Each structure stands twice: as C-alpha cells, then as structure tokens.
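Survey of secondary and tertiary structure
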Amino acid sequence: MSFPELFLIAVGLSMDCFAVSLSFGAQRNLKKNDILKFAFFFALFQTVMPLIGWLVGSTVNFYLAKVDHWIAFGILAIIGLRMIYESFRGEDEKRTVDIREWKILLTLSLATSIDALMTGVSLGFVKVNILLAVITIGLVTFLNSIAGARVGERSIHISPRWAEIIGGLVLIGIGAKIVLEHLSII
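Structure report, in brief. The residue numbers shown here count from 1 along each chain, following its written sequence. Local features in a predicted model are, by the rule used here, given only for residues with pLDDT of at least 70; side-chain atom pairs are given and counted only at 80 or more, and totals for whole chains, interfaces and linings are based on all residues. Excluded from the side-chain calculations are hydrogens and water; all other atoms, namely the structure's heavy atoms, are used.

Describing the side chain of Gln46
Stated precisely, the cut-off is as follows: Helix and strand assignments come from DSSP, with helices taken as H or I runs of at least 4 residues and strands as E runs of at least 2, each series counted from the N terminus. Pairs of N or O atoms within 3.5 Å make up the polar contacts considered here, provided that, within protein, one atom can donate a hydrogen while the other can accept it, and that residues adjacent in sequence are counted only when both atoms are side-chain atoms.
When you line up the elements, Gln46 lands in helix H2 (residues 32–64). Here Leu13 takes part through its backbone oxygen, which lies 3.0 Å from a polar atom of the side chain of Gln46.

Here you go:
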C-alpha cells in the first residue's frame, strides 16, 4: 500500500476525532493544554488500535488469502457507512459532555478508535508497512484534532457532520480500490 493511500486512510480515520474536536471547540472555551491533552489521547488510541487490528488480520491472513480483499473492502465499507450514518444523529447528543473529564476523554478516545481497530484488521490482509501506517494515522489524528478544536473555536457554523461524511466516503473509496486492484481492474 502506498503512502498516499495510507495518508487517505489516516485522514478518513481521523475525521471522527476532528468532528468531536470541532464540536468541543465550538461550545467551550478550551485552554491550549486541554486541546493538546485530548489530541494526544485521540492520537494514542488511533495509533495503538490499528496495530492491534493488524496483528489479528495478519495472523489469520493465511487462511483467508482468497477473500482477503473482500474482507478488507467489507470492513472499510461498513466503517465508512457507519460514519456516514452516525453523522446524521443529533448533534445535541455530542455536546452534552465535557471532554476535559478523564472518564469522558478515555471513553471518546476508545469510541473514536474502534474504526481504527477494524481498519487495522483490514491492513493485515494487504501488504503494508505497519509502522509507517500507525505513525501516519497517529500524527494525522493529532493534527486534525487540534485543527478541529481551533476551527470550532472560531466558528460555530461549521457542522461536524460533513467531516464524518467525507471521512466515511474516503474509507469506502479505499476499500473499493483494494478490491479493484485485486481483481486487476485498475
């Protein structure tokens, strides 16, 4: 898998964190340390979870080699569709918690990284430099989380919904590309 593809996956996975950060930035007066803290936790979870998923995926790859591209597509498509579906849930639900509370921060970090875990499983089915992949995912998530909070602070008119929709579409597109490459269509 090429770096541009890894980068697009990282951007897609980080959109949940961007949307959460945008939402919190828009509704609260966050300090620089608050933003750095939640960006760090989002990035940490987004780095560790795909590594765990990759270990699982690469372990069972031998048994599933004939259908691995379909599994990778299915996982990425489900994650993408879930992101799109969840983007239409009530935004008021997302604004009732304070990200500065440790319990909330850890819960949000885990919840936004489940997609990364499943993506890691799909990465176990394709040839990928996993170290480059997880570093890219973590760094992009960190930067997008900071950017989301800063953009949110400046404008409450930007909907996190669009970030989640775009992220979902990117993941579906990457999954489709994996299948098309395996079938030698592209």
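After that view of the structure, there is still more to cover.
Thoughts on the environment of Ile174
We count it as follows: Residue contacts are counted whenever heavy atoms from the two residues lie within 4.5 Å of one another.
Inspection of the secondary structure puts Ile174 in helix H7 (residues 160–182). Separated by 97 residues in sequence, Ile174 and Ala77 place their C-alpha atoms 8.8 Å apart. Other than its neighbours up to four places away in sequence, Ile174 contacts Glu5, Leu8, Ile9 and Leu76.

Describing the nonpolar core
Defined as follows: Think of a nonpolar core as a cluster: buried Ala, Val, Leu, Ile, Met, Phe, Trp, Tyr and Cys residues, connected wherever their side-chain atoms sit within 4.5 Å. The buried label goes to any residue with under 20% of its type's maximum accessible area, the exposed label to any with over 50%, and the partly exposed label to all in between, with areas taken from a 1.4 Å probe on protein chains only.
Ranked by internal contacts, the top residues of the largest apolar core, which has 17 residues, are Leu123 and Ala133. Within the residue set of this core, elements represented by two or more residues are helix H1 (3–27), helix H3 (68–87), helix H5 (102–123), helix H6 (130–154) and H7. When residues in this core are grouped by element, the largest group, five residues, is from H6. Ignoring anything within four residues of it in the chain, the contact list for Leu123 reads Met1, Ile9, Trp54, Val128, Ile130 and Ala133.

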